[in-house]
Amino acid sequence: FNDINHCEDGCGVEGCGATVCASELETCAECLGGVGTPASGQYFWVPEAGASGECLESCEIADVSCYKGKSAPDPSGYDPDICPSISVCRKKNSCYECLQDGSCAWSSGSCYDSCGEYDVPMDVACYEGETYTPSQACSREITRDDHEEVAKEASGYLRSE
């Protein structure tokens with residue numbers, strides 16, 4: 001028998017509804033994406049979890065803020081537009097502080113969750129903490145050659161001796 005009302009594989013409520021799992025969503029906006037997005041409003045964003053927030057399937061972590069995405073069955077949740085105000089990264093004030101743990105991005109004097117956020121300036125450089133250290137991005141202007149060297153190091157082509 002095929003029971004179309006029950007999903008055994010998949011993500012979201014009882015394995016149904018979301019086209020991605022919470023663990024695949026890395027930003028607040030992706031996690032709290034509502035109806036019509038891959039998350040379908042079924043997950044929770046916890047800003048204090050992980051290095052710069054984490055998307056979870058439930059809100060069972062005690063004593064931390066937890067934000068449920070807005071969904072068709074539960075329209076009382078949060079829209080992604082709340083993300084900048086609850087971001088751990090956006091509370092960091094310096095380039096060094098922003099990039100030191102590798103979980104945030106620095107651009108144009110501000111710290112972001114990632115370079116892909118909607119309000120990161122498009123006409124200036126953005127430095128992801130996963131790729132750039134504070135000493136690479138904060139102390140001087142980075143040149144095109146530096147970008148290429150960092151990319152090669154990240155790919156494993158260059159190794160320190």
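That block above? That's the structure.
Bear in mind the structure is a predicted one, so any value in this text is a computation, not a measurement. (Residues numbered from 1 in each chain as written. Predicted model: local features only at pLDDT ≥ 70, side-chain atom pairs only at ≥ 80, totals over all residues. Heavy atoms only, no water.)

Structural notes on the overall build of the protein
To keep things clear, this is the line we draw: Helical segments are the DSSP runs of H or I of at least four residues, strand segments are the runs of E of at least two, and each set is numbered from the N terminus. Between buried and exposed lies partly exposed: a residue is buried under 20% and exposed over 50% of the maximum accessible area for its type, with that area taken using a 1.4 Å probe on protein chains only. Any pair of residues with heavy atoms lying within 4.5 Å of one another is described as a contacting pair. Per-residue and other accessible areas were derived by the Shrake-Rupley procedure at a 1.4 Å probe size, with only the shown protein chains allowed to occlude residues.
A tally of helices and strands in the protein yields five helices and six strands. The N-to-C order of helical and strand elements in the protein reads α-β-β-β-α-α-β-β-β-α-α. Within the protein, buried positions represent 39% of all 161 residues. Counting contacts in the protein only where the partners sit at least 6 residues apart, residues at least 24 apart contribute 34% of the total. Summing over all exposed atoms, the protein offers an accessible surface of approximately 10000 Å²; the carbon and sulfur share of this is 48%.

Structural notes on the nonpolar core
Considering soluble globular proteins, one finds that nonpolar side chains tend to be buried as a cluster. Here is the rule we go by: Residues enter a nonpolar core if they are buried and are Ala, Val, Leu, Ile, Met, Phe, Trp, Tyr or Cys, with the set joined through side-chain atoms within 4.5 Å.
Formed by 16 residues in total, the largest nonpolar core has its most connected members in Leu25, Cys28, Leu32, Tyr43, Trp45, Cys55 and Ile86. Of all the elements in the fold, those that place two or more residues in this core are helix 1 (28-31) and helix 2 (83-86). Leaving out residues up to four positions away in the same chain, cysteine 28 has contacts with Trp45, Cys83 and Ile86. If you look at the next biggest cluster of nonpolar residues, it comprises 10 residues, including Cys89, Cys95, Tyr127 and Tyr132.

Details of the packing of aromatic side chains
How we decide: Stacked, edge-to-face and tilted are the three classes for Phe, Tyr and Trp ring pairs, Trp counted by its six-membered ring, which pair at centre distances within 6.5 Å; planes under 30 degrees apart are stacked, over 60 edge-to-face, the rest tilted.
Following the criterion strictly, the structure yields two aromatic pairs and no others. Pairing tyrosine 67 with tyrosine 78 gives two aromatic rings, centres 5.1 Å apart and planes at 75°, and the pair type is edge-to-face. In this pair, tyrosine 67 is assigned in strand 3 (residues 67-68) and tyrosine 78 in the loop between strand 3 and helix 2, connecting sequence segments 11 residues apart. What makes tyrosine 67 buried here is its relative accessible area of 16%.

Looking at the side chain of serine 103
The test is simple: Whenever two N or O atoms come within 3.5 Å, that pair is a polar contact, provided that in protein one can donate a hydrogen and the other can accept it, and provided that, for residues adjacent in sequence, both atoms are side-chain atoms.
Locating serine 103 in the fold gives a position in the loop between helix 3 (95-99) and strand 4 (105-107). Engagement of the side chain of serine 103 in a polar contact is seen with the side chain of aspartate 101, the distance being 2.8 Å. Contact partners of serine 103, with chain neighbours within four places excluded, come to Ala51, Ser52, Cys89 and Asp113.

A short note on the sheet that holds strand 6 (residues 126-128)
Put simply, the test is: At least two bridges found by DSSP between two strands is the condition for calling them paired. Only the contacting stretch of a helix is used when fitting its axis, a line to C-alpha atoms as for every element, and angles between N-to-C directions run 0 to 180 degrees.
Spatially, the three strands line up as an open sheet ordered 5-4-6, and their pairing is antiparallel. The outermost strands of the open sheet, each flanked by one partner alone, are strand 5 (110-112) and strand 6. Neighbour-to-neighbour, the strand axes of this sheet turn through a mean angle of 25°, independent of strand direction. Here three bridges tie strand 4 to strand 6, and the two strands are oriented antiparallel to one another. Paired with tryptophan 106 across the two strands is tyrosine 127, which belongs to strand 6.

Quick notes on the pattern of salt bridges
Under the convention used in this document: For this analysis, a salt bridge means a side-chain nitrogen from Lys or Arg found within 4 Å of a carboxyl oxygen belonging to Asp or Glu.
One pass over the structure, following the stated rule, counts four salt bridges. Between lysine 70 and aspartate 79 there is a salt bridge; the shortest N-O distance is 3.2 Å. We classify lysine 70 as partly exposed; its relative accessible area is 28%. Here the salt bridges do not stand alone but share partners, grouping Arg90, Glu117 and Asp119 into one network.

Points about the sheet that holds strand 2 (residues 54-56)
The strand order 2-1-3 describes an open sheet built from three strands, whose pairing is antiparallel. The open sheet has two edge strands with one neighbour each: strand 2 and strand 3. Pairing of strand 1 (residues 44-46) with strand 3, which is carried by two bridges, proceeds in the antiparallel orientation. Bridging across to strand 3, tryptophan 45 finds its partner in tyrosine 67.

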